[in-house]
Amino acid sequence: MGLFKSLFGKTERSSLTSDEKVPSSEKVIQHMLANAERCLESNMPENAFETYRQIVELAPNATAQYNLGSLYAQGKGTDQDFLQAAYWFRQAVVNGAASAEKLLSKSTADYLDQDLSEITSYELYQKMQRYILFLYPKEDGNSIAAKTLYSLAGHHFNKKEYAEAAKLFRTAGEYYNHGESQNYLAVLYNTGVGLEKDDLAALYWFDRAADNGVEISKKDRDGILNAYFENFSPEEFFDIMETLARACINSTADIPRDNEKAEYWRAQCEKLIRA
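First, a word on scope: everything that follows refers to the structure included in this document. (Residues numbered from 1 in each chain as written. Predicted model: local features only at pLDDT ≥ 70, side-chain atom pairs only at ≥ 80, totals over all residues. Heavy atoms only, no water.)

## Some details on helix H11 (residues 199–211)
An ideal rise of 1.5 Å per residue puts 18 Å on 13 residues; H11 measures up with 18 Å between its terminal C-alpha atoms. Among the 13 residues that make up H11, eleven are buried, leaving the element largely enclosed by the rest of the structure. Among the residues of H11, those classed as buried are Leu200, Ala201, Ala202, Leu203, Tyr204, Trp205, Phe206, Asp207, Arg208, Ala209 and Ala210. Buried-residue contacts for H11 involve helix H9 (162–175), helix H10 (179–191), helix H12 (215–231), helix H13 (234–250) and helix H14 (259–274). Where H11 starts, the residue carrying a side-chain oxygen 3.1 Å from the main-chain nitrogen of leucine 200 turns out to be aspartate 198. Residue glycine 213 follows H11 closely and has a positive phi angle near 85 degrees. (Helix = DSSP H or I, 4+ residues; strand = E, 2+ residues; numbered from the N terminus. Expected span 1.5 Å × (residues − 1). Buried < 20%, exposed > 50% of the residue type's maximum accessible area, 1.4 Å probe, protein only. Contact = heavy atoms within 4.5 Å. Polar contact = N/O pair within 3.5 Å; in protein donor to acceptor, adjacent residues only side chain to side chain.)

Dropping the structure here:
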């Protein structure tokens, strides 16, 4: 605060003589950046945080934005807040700090992963909406959200953290209608990995993915459907399809409410039985 007051404390022109020079805004910011750096070196992160915050109020300075992101991410000088960290890294990227890209991705992942095992898919969707509205208010938020969730889900999937991957795939698939996420979710239901094995849920999600143009999902959907048809009596097959239709009408933990698909499955049942 001392340097800030010394530079901006005088606001009246009459206080300056004709020989005095008002420092340029860039010079002021450079002084403030140096002061913040000294605060960090002196183990005074709170002072550094406050100085960086003052700088970004004056100008979109990428260095200050980057360092604010770092302090938020580490919880130094302020409470740890991965959403704020992602926001400031994003601002730094916008203002030319390419090195902030990786930290933006990391903070985003940390934000979405936080309490992931304890929240529902809907709560994760709400977190994703806050993220999109905060970081990308003027862009195609749904597309960014779907890609972000899918990418993070893939990261967990590759690490064999299937339960975490399933929740991320579910959020992207249900709330953003992302086909590849729907396909992977169906695979997890079909194999019983990360989720309790559920062929009806797998059938539902393979079908949703097929609607979104995921070609491999069509084969898997038809494979499950034909297996039901060939291995059960017409009456049993009808009951299975009616169970799926009712799940779409009432919603379950594994299948969301989807009246359109309820009608679709009943129509498919009648079509196959009559064939």
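## Observations regarding the packing of H12 against H14
Contact geometry for H12 and H14: axes closest at 12 Å, N-to-C directions at 55 degrees. Judged on the interaxial angle alone, H14 and H12 are oblique. Crossing angle aside, the handedness with which H12 passes H14 is right-handed. When H12 is examined against H14, the residues Arg221, Leu225 and Phe229 are found in contact with a partner set consisting of Tyr264, Trp265, Gln268, Leu272 and Ile273. The residue inventory of the contact of H12 with H14, partitioned by class, reads six nonpolar, one polar and one charged. (Axes fitted to C-alpha atoms, helices over the stretch in contact; angles between N-to-C directions. Parallel < 35°, antiparallel > 145°, perpendicular 65-115°, else oblique. Left-handed = near helix turned anticlockwise from the far one by under 90°. Nonpolar A, V, L, I, M, F, W, Y, C, P; charged D, E, K, R; others polar.)

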